[in-house]
Amino acid sequence: MGRKSFRGRKGKSKGSDPRSNGKGYPETVKDNATFKAYYKNQNILPDEEFDEFYSTLQTTLPTTFRITGTRSNAIQLREVIQNVLVPSMQSIEVDGQTYQPPMSIPWYPDNLGWQVNAPRTVLRRSQEFSKFQKFIVSETEAGNISRQEAVSMVPPLLMDIKPHMWVLDMCAAPGSKTAQIIEAVHANDLLNEIPTGLVVANDADYKRSHMLVHQSKRLQSPCFMATNHFGQQIPTMHVRDENGKTVAWQFDRVLCDVPCSGDGTLRKNEMIWNDWTQGQALGLHRTQVQIFLRGAQLTKVGGRIVYSTCSFNPIENEAVVAEVLRLTNGALELKDVSHELPELKRKPGLTTWKVMNKDGEYLTSFDDIKEKRQRFRFPASAFPPENAESMHLERCLRIYPHQQNTGGFFVAVFDKVKPLTAADRVHEGNQIDAHEIQQSETKEEELVEAVGGGDDEEVTTPQAEEQTTTSLPATTITAAEETAETKMDETPGSKRPAEESNNQAKKKQKQDVPKIQEAPFQLMAPDNPDVQKLTDYFGIDPKFPRDQYILRCEESAKNRTIYYCSKSVKAVLESKDLERLHIVNTGVRLFVRQGSLEDSNEIAPFRLTADGLPLLERVLVDDRRKIAISDEEDLKTLLMKVMPIIDTFSKETQEKLKNLDVGSCIFEFDVAKAFNKPLNKSLSLSLPIWKGRSSVNVLINKHDKRSLCQRIFGVTGSDNDNTNNTKVNTNNDVDDQSKPQDQQTSASKETTTAE
Ligand SMILES: C[S@@+](CC[C@H](N)C(=O)[O-])C[C@H]1O[C@@H](n2cnc3c(N)ncnc32)[C@H](O)[C@@H]1O
């Protein structure tokens, strides 16, 4: 297996390659004979279909995106696309060719997934497409649209998530699927209550785990928590259940969207044409089994677990499924989901496949490997199981690019039907003493570590299946770093002969990722004087739970930012095992303290944040800090001028402003009523404002401002400058803007948070 890294690929760009595209790097030749022969040999498709599959891989992938954000926001945006933009893009002709408008993805619920078939060059050259393109760019920047491969949207849709569920996303970054999970947990947002569910999004890569925070930010979920562990090492946390009993945490839904070789993304990641080897799949197989097995342990009996990859390779797909079904011994059942998402075209999972050795020979069974070293090298579980039929591997979903002009994906859905762990047995009402529980938990962890076989060489995975707003470098994952002390002969039912493992060099006990010291999250006491102050100042419903406010305690920013979390997050934060959990982020940032900590006599000690507004707005009992505005010009002034002075507003708004003390407040505006367009549904817009002595300042970032201007006034950011002779302040992000004009102190200090 090669030790190639995608990063090294750039080196190939030098020189005067005749195929150079003039940009200094060669055009990729979209052909790979080994890849082609390998998959032909695997019989992934009938011969007559294989050519269509292969030629589709050589074409460019259409752009697809998902409308994200809170339910009501997503619906508003969908209406702009459906009713304003798409009708203006019918049968556009460019260079004599007619292009169809963007279309909603037929199998994605509620028309919130979209596909644009016109190539980029066309998007630029047609006025209508170009306007659409600008709209998409600005909404993506504002976080309302997430570019995501269509097929990557499938796994969360098959999880059947409900707002009360605890959901674990084991390999979550950059977080496209996590966003879908959060949306599902918040599907009942209009009910005005915080869901009882929990979303834990984990990633082994510390930097990438921070991308989860960015991706989920728009959704502002108090039920969300980002963590940083190897998926196979996610710790057992003991939390209090609704009856006050301490139990090991378990999840109703688990997603294992594991690191994979990623050849399903060939249409987007052209470098795979050069770098593909079967060895990548073999090197990842063991890690994939380990992650999936840990996921199975953490799933509740009666819960559902979904395994997915963006690879065509059976070694990363059906072989992993078969091995975990074997190891879990009847606790998991591969589910028939043929009736779900009926418009999604898919093929059944493979029931047999081959493993290629280093000489390019195809082997069908572990016994075919004669050479000792080779026997050690291959994970026995990479080969097809003898009882494939009883496992119903055909119930797995294979999605091929030529079926509906997408990337490739593999998904398998499982019900957990029987207990597997001590936690399962406790959940079922069995009396087990603490010592026995602890022993069982240790054994469960050991079982994951003992998952055997495979190569420990460095494996490079193209983690590029997710197109989000942030572009990523390819991540290199060292399988060796992630693999456990190999105890093949101790693995129950291991197919690897014990004699092999006896010869095996003992490797280092696997460690989890090193814990990076984050500022800890700490629950505030309900009688904390700040909580009381805030309740009185904003008019927060006294029934709104006061024991879910959190502080992030970092010396430099102590008590400066106040977050709010759900009951479920609170249960985790109260766990006696909290030290074991590497939390990267949690809670919604609600308030930031103004001025210095000592300055306790301030009239308005806290500023409301844009992040916290959707949550806070729902629990205000009166209008003491709200101003309703109905004049379109007032809204324009607010969004297009930098800290407009109060005298520039309409008389009515001036009057309301003058009656309000200096401090945070909320502007409410009924867009549809004021304009009667472009939306045909009522759009009530709330904006967080700092009201100073003589001016006001809207506390949202430049992207949100631009997106609002575009939706409400139909102009893009750049148009604003031209048509209104006013400049949208492009320098003022939230933090700059949030500095009240009348109270400007040392700028950055004031907005320091522990994030
Ligand atoms: C296919 S990507 C996940 C994509 C993600 N689910 C999404 O939809 O945006 C795989 C992720 O697994 C992470 N990863 C690699 N090894 C891991 C491990 N042992 N445990 C958990 N995460 C791992 C990588 O950092 C990468 O972000």
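Residues numbered from 1 in each chain as written. Predicted model: local features only at pLDDT ≥ 70, side-chain atom pairs only at ≥ 80, totals over all residues. Heavy atoms only, no water.

Some words on the nonpolar core
Stage number 1. Formed by 80 residues in total, the largest nonpolar core has its most connected members in Trp249, Phe251, Phe292, Tyr307, Val321, Phe414 and Val572.
Stage number 2. In terms of residue count, helix H10 (residues 278-298) provides more of this core than any other element does, eight residues in total.
Stage number 3. Contacts of Phe292, omitting those with residues within four sequence positions, involve Cys256, Ile305, Tyr307, Val320, Val321, Val324, Leu332 and Phe414.
Stage number 4. Counting 61 residues, the second-largest nonpolar core is a separate cluster that includes Val151, Leu158, Met165 and Ala173. (Core = buried A, V, L, I, M, F, W, Y, C linked by side-chain atoms within 4.5 Å. Buried < 20%, exposed > 50% of the residue type's maximum accessible area, 1.4 Å probe, protein only. Helix = DSSP H or I, 4+ residues; strand = E, 2+ residues; numbered from the N terminus. Contact = heavy atoms within 4.5 Å.)

Describing the packing of H10 against helix H16 (residues 434-450)
Stage number 1. In contact at an axis separation of 8 Å, H10 and H16 are set at 160 degrees when each is read in the N-to-C sense. Comparing the axis directions of H10 and H16 gives the class roughly antiparallel. You can see that H10 and H16 cross each other, and the crossing is right-handed. Packed against H10, whose contacting residues are Gln290, Leu293, Arg294 and Gln297, the element H16 presents Glu444, Glu445, Leu447, Val448 and Glu449 at the interface. (Axes fitted to C-alpha atoms, helices over the stretch in contact; angles between N-to-C directions. Parallel < 35°, antiparallel > 145°, perpendicular 65-115°, else oblique. Left-handed = near helix turned anticlockwise from the far one by under 90°.)

Structural notes on the UniProt feature "binding site: S-adenosyl-L-methionine" (unreviewed entry) in the chain
Stage number 1. Here the UniProt feature "binding site: S-adenosyl-L-methionine" (unreviewed entry) sits at Cys171, Ala172, Ala173, Pro174, Gly175, Ser176, Lys177, Asp203 and Asp257. Spanning 87 residues, the named residues form one tight spatial group whose C-alpha atoms are at most 12.8 Å apart.
Stage number 2. Relative to the helices and strands, Lys177 is located in helix H7 (residues 176-185).
Stage number 3. Assessed through its relative accessible area of 4%, Lys177 is described here as buried.
Stage number 4. By the element assignment, Asp257 lies in strand S12 (residues 251-257).
Stage number 5. Assessed through its relative accessible area of 11%, Asp257 is described here as buried.
Stage number 6. Within the local environment of Asp257, its side chain forms a polar contact with the side chain of Lys177, the two groups lying 2.7 Å apart. (UniProt positions renumbered as here; feature names shortened; annotations may be inferred. Polar contact = N/O pair within 3.5 Å; in protein donor to acceptor, adjacent residues only side chain to side chain.)

Notes on the site of the ligand
Stage number 1. Near the ligand there are 25 residues, and of these Lys177, Asp203, Arg208, Gly231 and Asp257 occur at the shortest range.
Stage number 2. The separation between an oxygen atom of the ligand and a polar side-chain atom of Lys177 is 2.9 Å.
Stage number 3. Relative to its free-state accessible area of 610 Å², the ligand is covered by the protein chains to the extent of 99%.
Stage number 4. Looking at the shell around the ligand, its residues break down into 11 nonpolar, six polar and eight charged. (Near = heavy atom within 4 Å. Areas by Shrake-Rupley, 256 points an atom, 1.4 Å probe, with all protein chains shown as cover. Nonpolar A, V, L, I, M, F, W, Y, C, P; charged D, E, K, R; others polar.)

Quick word on the packing of helix H1 (residues 33-41) against helix H2 (residues 47-57)
Stage number 1. Across the interface, H1 lies against H2 with an axial gap of 12 Å and an inter-helix angle of 145 degrees. Crossing handedness for the pair H1 and H2: right-handed. Here H1 contributes Phe35, Lys36, Tyr39 and Lys40 to the contact with H2, which in turn contributes Phe50, Asp51, Tyr54 and Leu57.

A few points about the sheet that holds strand S4 (residues 103-104)
Stage number 1. Strand order in the open sheet formed by four strands is S4-S5-S1-S6, with antiparallel pairing between adjacent strands. Single-partner strands in this sheet number two, and they are S4 and strand S6 (145-147).
Stage number 2. With three bridges connecting them, strand S1 (residues 63-67) and S6 associate as antiparallel partners. Within S6, the residue paired with Ile67 across the bridge is Ile145.
Stage number 3. Set on the sheet, helix H5 (residues 127-141) makes contact with S1, strand S5 (113-116) and S6; between it and S6 the angle comes to about 100 degrees. (Pairing = 2+ DSSP bridges.)

Some remarks on the environment of Glu617
Stage number 1. Position of Glu617 among the secondary structure elements: in helix H21 (residues 613-617).
Stage number 2. A residue is classified by how much of its surface remains accessible, and Glu617, at 23% relative accessible area, is partly exposed.
Stage number 3. Sequence spacing of Glu617 and Asn192 is 425 residues, and the spatial spacing of their C-alpha atoms is 9.9 Å.

Details of the state of the cysteines
Stage number 1. For the structure on display, the rule yields zero disulfides.
Stage number 2. Its sulfur unpaired, Cys310 is 3.4 Å from the next cysteine sulfur, which belongs to Cys260.
Stage number 3. Accessibility expressed as a relative area gives 4% for Cys310, which makes it buried. (Disulfide = S-S within 2.5 Å.)

Some details on the packing of aromatic side chains
Stage number 1. All chains considered together, the criterion is met by 32 aromatic pairs.
Stage number 2. Judged by centre distance (5.3 Å) and plane angle (25 degrees), the rings of Phe538 and Phe591 are stacked. Residue Phe538 is found in helix H19 (residues 529-538), and its partner Phe591 is found in strand S26 (residues 588-593); the two are separated by 53 residues along the sequence. Like Phe538, the residue Phe591 is buried in the burial classification.
Stage number 3. What links up through ring pairs into an aromatic cluster is the set Phe35, Tyr38, Tyr39, Phe50, Phe53, Tyr54, Trp273, Trp276, Phe312, Tyr362 and Tyr400. (Phe/Tyr/Trp six-rings, centres within 6.5 Å; stacked < 30°, edge-to-face > 60°.)

Digging into the pairing of strand S13 (residues 299-309)
Stage number 1. Burial analysis of S13 places eight of its 11 residues in the buried class, the great majority of the element.
Stage number 2. Alignment of S12 against S13, held across six bridges, turns out to be parallel. Looking at S13, one finds that Val254 is bridged to Ile305.
Stage number 3. Sheet topology note: the S13/strand S19 (residues 409-416) ladder contains six bridges and is antiparallel. Bridged to Val306 within S19 is Val413.

Structural notes on empty space enclosed by the protein
Stage number 1. Following the criterion strictly, the structure yields eight cavities of 30 Å³ or more and no others.
Stage number 2. Empty space within the largest cavity amounts to approximately 120 Å³.
Stage number 3. Contributing to the lining of the largest cavity are 14 residues, with His186, Leu219, Gln220, Pro222 and Arg618 lying nearest its centre.
Stage number 4. Classifying every residue of the lining of the largest cavity gives seven nonpolar, three polar and four charged.
Stage number 5. Shared between two domains, the lining of the largest cavity takes at least three residues from each, and those domains are domain 2 (151-502) and domain 3 (521-750). (1 Å grid on protein atoms, 1.4 Å probe; cavity = no way out; pocket = protein on both sides within 12 Å on 5 of 7 lines; lining within 4 Å. Points joined across faces, edges and corners; volume = space filled by probe spheres on them. Domains from an automatic or database assignment.)

So, the environment of Ser575
Stage number 1. Position of Ser575 relative to the elements: it lies in the loop between helix H20 (567-573) and strand S25 (583-586).
Stage number 2. Given a relative accessible area of 7%, Ser575 falls into the buried group.
Stage number 3. Along the chain, Ser575 and Thr246 lie 329 residues apart, while their C-alpha atoms are 8.8 Å from each other.
Stage number 4. Apart from the residues lying within four places of it in its own chain, the contact partners of Ser575 are Met237, His238 and Val239.

Describing the pattern of salt bridges
Stage number 1. Taken as a whole and assessed by the stated rule, the structure comprises 29 salt bridges.
Stage number 2. One salt bridge in this structure joins Asp252 and Lys300, with 3.1 Å as the shortest N-O distance. With Asp252 in strand S12 and Lys300 in strand S13, this residue pair connects regions lying 48 residues apart in the sequence.
Stage number 3. Taking relative accessible area as the criterion, Lys300 reaches 21% and is therefore assigned partly exposed.
Stage number 4. Two residues, Arg304 and Glu340, come together in a salt bridge whose shortest N-O distance is 4.0 Å. (Salt bridge = Lys/Arg side-chain N within 4 Å of Asp/Glu carboxyl O.)

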